[in-house]
Structures are given as structure tokens and as C-alpha cells.
Amino acid sequence: MVMDAANGDLLASVSVPWPERQPVTEAAGKERLIDRARYGIYPPGSTFKMVTAMATLREDPALASKTFSCVGLGNGRVGNRIRGWGRPVRDDPSVSSPHGEVDLVKGIRVSCNAYFAQLTTYEVGAEALLETAAMLGITVARPNTVEQLSDALPQAGYGQGQVIATPMEMARVAAAVAHDGAAPQGRWVIDEGNDRTAPPVQIVSDSQASLLAGAMRQVVTRGSAGLLRSVYPPIAGKTGTAEVEGQRSHSWVIGFAPADAVERRIAFAVLVENAGLFTPVAPATLEQVGAPYRPAHGKWVGIAARSTVFVYNTSKLNEAALPKSLMDLADPAWKGRWAASPAGAPQ
């Protein structure tokens, strides 16, 4: 889904699988005919952290500099505990070093779940988060009430819990950051039949949007969207991996371009259903891995939502045995069989 960030005009949209040219029967079901870009409903995962960030700045701009801790939890996991909640909030298994003290910009760049859970629970609150999400058309609880949201507030802060959104809604989130804090309604009909004529909704101020835009650019230059670093024109983005019970995770990326100009920008949202984290790519892509970390015999397995790469030796591990996601690497069966390269190492 790609839109003009200023007026919300739909510029490009792809929904796959494409309907086959044959009658739809009740047995086959009509779900495959849904335009997923506009009407598909999904948990947004970490892309929703941009909405939480907007709610934070609306509640109190000074909260942008308030820090929360991301600490070691044992067994190689990092995160933190939330007062009044049983289980700790964790980051994914690939993060073996705690993020330490985290403010808003760093929280977006490193996509720290523990930071956003604490920020939402201790400072933003259910009412402010629900109000900001509603301005963007996003549902955060079912029913969509403060009371219901309060039951899963830490998880909602980083786009899990009962939060759901369409790709078009998440493109509007990116558009708001790109267009001085104003979210366009989004429209796909521009003649007299268009009934989506409301002006853009001001979510945050232009200076606050600039702060968020800079953080999204850092996600590309120094964070989880590093695979987009060499793309021109430069992109600002936010990745997300949305857990789905009983299925592989959805992979998201939202953003806008050009990141270094304001005359006219496009905003976009891309979702791959049940992609998990790892997605095989051409073996030739191995050449992009820094030489110190590239084995003599191996393959690259790209990751859809992070800039992490998993390189394996084909003589010791076949494709069927590959992990389907970073979460798989937390399984005891993988203990001692993998290691992360140092932070900031060539990817």
C-alpha cells in the first residue's frame, strides 16, 4: 500500500493472493477476494510503536526524554518486568544484550518492547493510547474501551494484545509522520463518487513529527530496517513482527520517502502474512554479508522484519531443519549451535 503522504491519494496497492478467474463457491470461501491492503485486519506488532510514540507526545512532550530500563532476565533473554503483571515483557531471542536506559528515539530505533510496555503502562495510560489510535482509525481493544484496553495495556503499547489494523491504516500512521504530524484520511476514488473528503487530522505537531521522522530514519541507518540502508531515495521506516497464536508471525514494514526532503513524500505499509521472521533469498545475497562473518560454504537466509541474517553451513544443516523464526532459536535444541555477531558488525 503506497499513498501520497499529504493528501492520502492511493498511488499503488497490491493484495495477494490474486483471485482466480473462476466462480467463487461457498465451499471455497470468499476470503481470497478480500482486498487485504484496505480491509485485511492484522495485529500490527512493532509498527504500532509509532502510534504509542504519538500518544506519548500528545500526553506530555517531555516524556520523549524520560527513560526506562531494559535489563537481562536470565537465560539469555532481555526485557523487564511490569509492576502488577505476572510475566516479564521480553525482546526477541536475537537480542542478547540489554538495551540499558532507553528514551523515545532509542526505543524506536532498537524497537525495545520493554521500553514501550513501561512507557504505556506507567505514563501514557489506556485513555490517551485509545484516543490517539482512534484518530488513526485503529482498534486497540475488543470492545474498544478504556476498561478493556487496560487489561492488556503493556502488550498494546508494542502492538500486541488486542490491537488490530489494516495496511492502509498503518500507511496513514507513516503519512502522519511524513506530513508534519497530520494524517490524511486516505482515498482511492478522486471523482465525484469520493466520499472520503475529510481534511488531514493533526495528530502531533510538526516539530514532534520531525522527531519521530528522525527516529524512523535511524531504524534504517542503525536499526532493524538496515536492509533498506542503501535504497535511494533514502527511506525512513519502522519494522514489525506480529505474533499470531498457532501460526507464523506476520512481517510488517511501514515508512516514507524521501527521508531527506519535504516537498512531496510517499508513505507506505507492507505486510507479508505468516511470513515468520526468516525468508529464504538467493544464495548470491551471501556476498552482502561482511567477510569476517561469511563462511566458506554457506547460505544466507534473510529476515523479513529485522536486519539480522542467519548464515548456515549446508553440509551440516539442511533447509528443512532451519529455524522458522528467531523465537525458534530460544528452543533448548539450538543451545550452543548459534551465535550473534557483535553489535554494529557488518550484516
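Below is a summary of the structure that appears in this document.

### Some thoughts on the nonpolar core
Stage number 1. Formed by 72 residues in total, the largest nonpolar core has its most connected members in M54, L104, I108, I138, L149, V173 and L212.
Stage number 2. Here the element with the most residues in this core is helix α4 (residues 113–135); it accounts for eleven residues.
Stage number 3. If near-sequence neighbours (up to four positions away) are discounted, M54 is found in contact with T132, L136, V173, A176, V177, I203, V204 and L212.

### Regarding the sheet that holds strand β11 (residues 266–272)
Stage number 1. With respect to topology, five strands assemble into an open sheet ordered β2-β1-β11-β10-β9, the strand pairing being antiparallel. Each edge of the open sheet carries a strand with a single partner, namely β2 (10–12) and β9 (236–244). Sheet twist, expressed as the average angle between the axes of neighbouring strands with direction ignored, equals 20°.
Stage number 2. Here helix α8 (residues 206–222) sits on the sheet and contacts β9 and β10 (247–257); the angle it forms with β9, its principal contact strand, is near 75°.

### Considering α4
Stage number 1. For α4, built from 23 residues, the straight-helix expectation of 33 Å at 1.5 Å per residue is missed by more than 12%, its first-to-last C-alpha distance being only 23 Å.
Stage number 2. At V124, α4 shows its largest bend, some 100°.
Stage number 3. Looking one or two places after α4, you find G137, whose phi comes out positive at around 80°.

### Thoughts on the pairing of strand β3 (residues 68–74)
Stage number 1. In the sheet, β3 pairs with strand β6 (residues 100–102) via three bridges, with the strands oriented antiparallel. Note that in β6 the partner of S69 across the bridge is E101.
Stage number 2. Two elements, β3 and strand β4 (residues 77–80), share three bridges in a ladder whose sense is antiparallel. Bridge pairing links V71 to G79 in β4.
Stage number 3. Here β3 hands over to β4 after two residues, with N75 in that stretch at a positive phi of 55°.

### Here's the deal with helix α7 (residues 167–178)
Stage number 1. With twelve residues, α7 ought to run about 16 Å at 1.5 Å a step, and its terminal C-alpha atoms sit 16 Å apart, in line with that.
Stage number 2. Across the twelve residues that make up α7, a large majority, eleven, are buried.
Stage number 3. If you check which residues of α7 are buried, you get P167, M168, M170, A171, R172, V173, A174, A175, A176, V177 and A178.
Stage number 4. Just beyond α7, the residue with positive phi is D180, at close to 55°.

The rules behind each value
- All residue numbers here refer to positions counted from 1 along the written sequence of the relevant chain.
- For a predicted model such as this one, the threshold for reporting local features is a pLDDT of at least 70, and the threshold for listing and counting side-chain atom pairs is 80 or more; totals across whole chains, interfaces and linings nevertheless cover every residue.
- By convention in this description, side-chain values take in all heavy atoms of the structure and omit both hydrogens and water.
- Nine residue types can take part in a nonpolar core, namely buried Ala, Val, Leu, Ile, Met, Phe, Trp, Tyr and Cys, and a core is a set of them joined through side-chain atoms within 4.5 Å.
- Burial classes: relative accessible area under 20% of the type maximum marks a residue as buried, over 50% as exposed, and values in between as partly exposed (1.4 Å probe, protein chains only).
- Helix and strand definitions here come from DSSP, where helices need a minimum of 4 consecutive H or I residues and strands a minimum of 2 consecutive E residues; each element is numbered from the N-terminal end.
- Any two residues whose heavy atoms approach within 4.5 Å are treated as being in contact.
- When DSSP finds two or more bridges between two strands, those strands count as paired.
- Axis lines are fitted through C-alpha atoms, for helices just across the contact stretch, and the angle between N-to-C directions can take any value from 0 to 180 degrees.
- Working rule for helices: expected span equals 1.5 Å times residues minus one.
- By definition, a residue's bend is the angle between the axes fitted to the seven residues ending there and the seven starting there.

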